[in-house]
Structures are given as C-alpha cells and as structure tokens.
Amino acid sequence: VQLVESGGGLVQPGGSLRLSCAASGFTFSSYFMSWYRQAPGKERELVASIFGNGGTTNYADSVKGRFTISRDNAKNTVYLQMNSLKPEDTAVYYCTTLVGGRRWGQGTQVTVSS
C-alpha cells in the first residue's frame, strides 16, 4: 500500500489549493479515503472523508462549505479542493485509508500566510 500526496504550498489568505493523493497497492475503489491534517503543536484531526463509490462525503465543521473531497477511481486518486483558505488551515495534510491497518502518506505542507 502506498499513498503519495502532492499539491501543497504557500498561499495567501482567501486563496485556493488542490491536494492530490495517488494510491497504489490495493483495490482503491473499495476503500473509504480520508484527509487529515496536523498543525504545529496540535493533534492530527480529520478534515474530510469519502466512501469508495464517491457518493457519500463528510467534513469537519471548520472546513464545511470551503473544502471539497472527491475521488477518481479510474486514476486511483483522491483530491481535496481547498477554497477560501485561512491562516488556521496551515498544517501538514495527510491522506489515509484502512487497508490491513491504518495507512498514511508522507504528508504535504500547506501554509496560508500573507
């Protein structure tokens, strides 16, 4: 199982980023996928999740209406579109799934700052 995140970077408040997570080593379409984030000095927290068929999603209250999780099962990739970014969204973002235990990618840094 391998999860590789990309798309992070430095963005100004109010800006947008799209994160991607390329998955391999398992039947991607059969598994629930999630994005978590961890800010300095804080615990890792759930941001958004999506079922295998992409039909059901859920979000942390702090990102509802600003972030959108989606997936392309043909490309084995899950995305996180982040709009109206705030400084408090600054964190390392991880994608994760449960395949024989919790699996994590290496993370991608998102910094929201002017």
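Quantities reported herein were computed from a predicted structural model and do not represent experimental measurements.

Caption draft 1: Expanded view of the environment of Arg-44. Looking at the secondary structure, you find Arg-44 in the loop between strand E4 (33-38) and strand E5 (45-50). Overall, Arg-44 belongs to the partly exposed group, its relative accessible area being 31%. With 47 residues separating them along the chain, Arg-44 and Ala-91 place their C-alpha atoms 9.3 Å apart. Here Arg-44 is in contact with Tyr-36, Arg-37, Gln-38, Tyr-94 and Trp-104, once residues within four sequence places are set aside.

Caption draft 2: Region of the structure containing unusual backbone geometry. Positive phi is not limited to glycine here, since Asn-76 has a value of about 50°. Among the structural elements, Asn-76 can be located in the loop between strand E7 (67-72) and strand E8 (77-82). Non-glycine residue Ser-84 carries a positive phi angle of around 50°. On the accessibility criterion, Ser-84 (41% relative accessible area) is partly exposed.

Caption draft 3: The arrangement of the packing of aromatic side chains in detail. Evaluated as defined, the whole model comprises five aromatic pairs. Ring geometry for Phe-32 versus Phe-51: centroids 5.0 Å apart, planes at 90°, classification edge-to-face. With Phe-32 in the loop between strand E3 (17-24) and E4 and Phe-51 in the loop between E5 and strand E6 (57-59), this pair connects stretches of sequence that are 19 residues apart. Residue Phe-32 is classed as partly exposed on the basis of its relative accessible area of 35%. On the basis of an interplanar angle of 80° and a centroid distance of 5.2 Å, the ring pair of Tyr-36 and Trp-104 is categorised as edge-to-face. With Tyr-36 in strand E4 and Trp-104 in strand E10 (residues 102-104), this residue pair connects regions lying 68 residues apart in the sequence. For Trp-104, a relative accessible area of 35% gives the class partly exposed. Taken together, the aromatic side chains of Phe-26, Phe-28 and Tyr-31 make up a single cluster linked through ring pairs. Across from the ring centre of Tyr-94, 3.8 Å away, lies the NZ or CZ of Arg-44, which sits over that ring.

Caption draft 4: How the structure looks around the pairing of E5. Summarising the sheet, E4 and E5 pair through five bridges and their orientation is antiparallel. Within E5, the position partnered with Trp-35 by the bridge is Ala-48. Linking two consecutive strands that pair antiparallel, namely E4 and E5, is a turn of six residues; a positive phi of about 75° is found at Gly-41 within it. Sheet topology note: the E5/E6 ladder contains three bridges and is antiparallel. Residue pairing for E6: Ser-49 is matched across the bridge by Asn-58. Taking the residues that link successive antiparallel strands as the turn, the E5-E6 hairpin has six residues, and the phi of Gly-54 there is positive, at about 75°.

Parameters and conventions
Residues numbered from 1 in each chain as written. Predicted model: local features only at pLDDT ≥ 70, side-chain atom pairs only at ≥ 80, totals over all residues. Heavy atoms only, no water. Helix = DSSP H or I, 4+ residues; strand = E, 2+ residues; numbered from the N terminus. Buried < 20%, exposed > 50% of the residue type's maximum accessible area, 1.4 Å probe, protein only. Contact = heavy atoms within 4.5 Å. Phe/Tyr/Trp six-rings, centres within 6.5 Å; stacked < 30°, edge-to-face > 60°. Lys NZ or Arg CZ within 6 Å of the ring centre and 35° of its normal. Pairing = 2+ DSSP bridges.

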